[in-house]
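An overview of the molecular structure
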Amino acid sequence: MKPDDPHIKWIAEPQLGLTGKMYLPLLAQGLTTTFKHIMRSLHGEAVTVSYPEEEPQFANPQIYRGVHRLNKDAAGRVKCVACFLCATACPAHCIDIIAEESPWPDREKYPQSFAIDELRCIYCGMCEEACPVDAIELTSLYNLTGRSREEMIFDKEKLLSIYDMTKDKEPMQSPAMGGTAT
Amino acid sequence: MLEALVKIGLLVGGLMTAAAYFVLLERRMAAWTQDRIGPNRVGIPLTNIKLWGLGQPLADGLKFILKEEYTPAHVDRRLYVLAPLVILAAALATYAVIPFGSLIPSFSIGQFKVEKPIQLTVAPGVDVGMVYVFALSSIAVYGVILGGWASNSKYSFLGGLRSSAQLIAYELPMGLGILGVVLAAGSLNLNTIITAQAQQGWYAFVQPLGFVVFVVAAFAEAARLPFDLPECEQELIGGYHTEYSGMKLIIYLIAEFLHMITASFLIVILFLGGWHLPVLTGDPTATSIGWVTAILRILVLQGKIVAVILFFMWVRWSWPRFRFDQLMNLAWKIMLPLGLVNLVTLAVLYEAYHVYVGRDVTDPVGVNSGWLLLIVACSWIAFIAAWIVVALFNPLVTDNRPRRDLSLTTVDSQI
């Protein structure tokens, strides 16, 4: 590009005054900025969370994408209708559903087995988006650990128990589907 | 003989521990500056006692010892091993003449008697003290350049080149900063310089220009930010010690911290009055002092040093790094002339003192305070005037960006 190109927009640099050329305000600014931060940290306002002594605080646990849960309806039955939409939407292919004819009159199918490989899961939340009955949801449980690969494949009972564990803290999201979130 | 060995043991042990704990302090300072907490977990092993992370340096040292010490196949093996030893030996040997306190009075433990007061310097009475420190700090350059060369790697080599150029460039302003102090104190012995400051006032106030020049040069010599070009991580991986690992690396890192501690010792001893603090530390000329004064002097000196080191660490996160051409411009176009101005001003002032008062400023009779005030005033005026002149000429700005007012031909001819 040539200097006389009409497309170049020339911007004049701000000129430093005498004190600026003596570097005094600049040096003082640098020192005061860091000093303020040091003082703030020494007063215990550092942003670090001392996990495991402290638990991290989520601004909104409803939108955090942690471990999955399978929601239950008012009668305590699993809400899932075994439609396979979540398994289809899952980009990591970590959801494995075996469907069976439903014993209840209000739906045709229900999951005889519902397993999620938490190690394969990428926690993208597509299953939650895809579910037509809001049966699968991601909770704000972040500290997921295990000692073996087998242990990390969560079956239906485990996923339902996560619902029992988290339902008070994180109500179901959609009121239209029987959720109580406000 | 025994006395010297005890002092060497104390000093080396103290310095190594200090270097380790200053690493921890540096990490904590870094964390606080960035709104973090920093390493606070390692305490007593196998218990839950954390002690604010005071076990961290031990764990770090153990880690370095247990790590594989890998020697790349392409290095010049003899120089590769020699380089860290040179830099550590030079860094430690500097402390032979640096006082770490004033005196301790005579004492006896059972049969064992010490008749004369002990000077807290490994080699007291070395009258070339400052020259010795300077000679050894030049030898440190060998450690750097040998390490960079022997590693036989581009990053190490560039780091070594940068570092040696920087260290050599900043030795000149450092020397000019010291010359003013030597003129005023009339001696190169560091103990005498401290006593002279106790009588004449701290040289940081008497010779502000020399103080600024010396502090800037000391930062550069210790290769601390904003002058840490030898090992700027963002550009050079690790600088001249890129190819080192294990014990050899930790020797380099300790030597770097020792350089910083040496720089703070020199700043405190030459310009901030050493162990002297008005009222607290007693008669500076007395040849024997009590235990209380002796301990107070040690505490004052160490306190000042810790304060200067805290300033080093504070500056590290406050100011951005220089570009290499700016670094060289600062050394040759700003610091060197400022140092010369400082030297000439002080030489004229002290000669005027000598002529009009009829004795030297170091004369044991005492200091003519009226004339001393005049010297202080003149050197402050010279300091401010010199800084303004430098600011107006602004030699740090090298602008090679394209400009609108250049015609095409001149741009082409520049290429």
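It should be emphasised that the depicted structure is a prediction, and the values quoted were computed from it without experimental measurement. (Residues numbered from 1 in each chain as written. Chains lettered and ligands numbered in written order. Predicted model: local features only at pLDDT ≥ 70, side-chain atom pairs only at ≥ 80, totals over all residues.)

Description of the overall build of chain B
When helices and strands are tallied, chain B shows 14 helices and four strands. For 415 residues, the compact-globule estimate of 2.2 N^0.38 gives 22 Å, and the C-alpha radius of gyration of chain B, at 24 Å, lies within 12% of that figure. In terms of overall dimensions, chain B has a C-alpha envelope of 70 × 65 × 45 Å along the principal axes. The proportion of buried residues among the 415 residues of chain B is 40%. Partitioning the contacts of chain B with sequence separation of at least 6, the portion at a separation of at least 24 is 75%. (Helix = DSSP H or I, 4+ residues; strand = E, 2+ residues; numbered from the N terminus. Rg over C-alpha atoms; globule rule 2.2 N^0.38 Å. Buried ≥ 20, exposed ≤ 12 C-beta atoms within 10 Å, placed from the backbone. Contact = placed C-beta atoms within 7 Å.)

Some thoughts on the interface of chain A and chain B
Bring the parts together and some accessible area is lost; that lost area is often taken as the interface size. With 20 residues of chain A at the interface, the matching set in chain B holds 20 residues. Residue assignment for the side of chain A that touches chain B shows that the elements contributing at least two residues are α1 (18-21) and α2 (24-45) of chain A. Here the side of chain A that touches chain B gets nine residues from one element, more than from any other, and that element is α2(A).

Brief notes about helix α1 (residues 2-33) of chain B
All names here are of chain B. The terminal C-alpha atoms of α1, which comprises 32 residues, lie 45 Å apart, in line with the 46 Å expected from a rise of 1.5 Å per residue. Buried residues of α1: Lys7, Ala19, Phe22, Leu24, Arg28, Met29, Trp32 and Thr33, and no others. After α1 finishes, the residue Asp35 shows a positive phi value of roughly 60 degrees. (Expected span 1.5 Å × (residues − 1).)

Thoughts on the domain arrangement of chain B
All names here are of chain B. Partitioning chain B into structural domains gives domain 1 (1-66) and domain 2 (72-321). Centre-to-centre, using C-alpha coordinates, domain 1 lies 20 Å away from domain 2. Each side of the interface is counted separately: domain 1 has 19 residues, and domain 2 has 16 residues. A per-element tally of the side of domain 1 that touches domain 2 places α1 first, with 17 residues. Tallied by class, residues from the side of domain 1 that touches domain 2 come to 15 nonpolar, one polar and three charged. (Domains from an automatic or database assignment. Nonpolar A, V, L, I, M, F, W, Y, C, P; charged D, E, K, R; others polar.)

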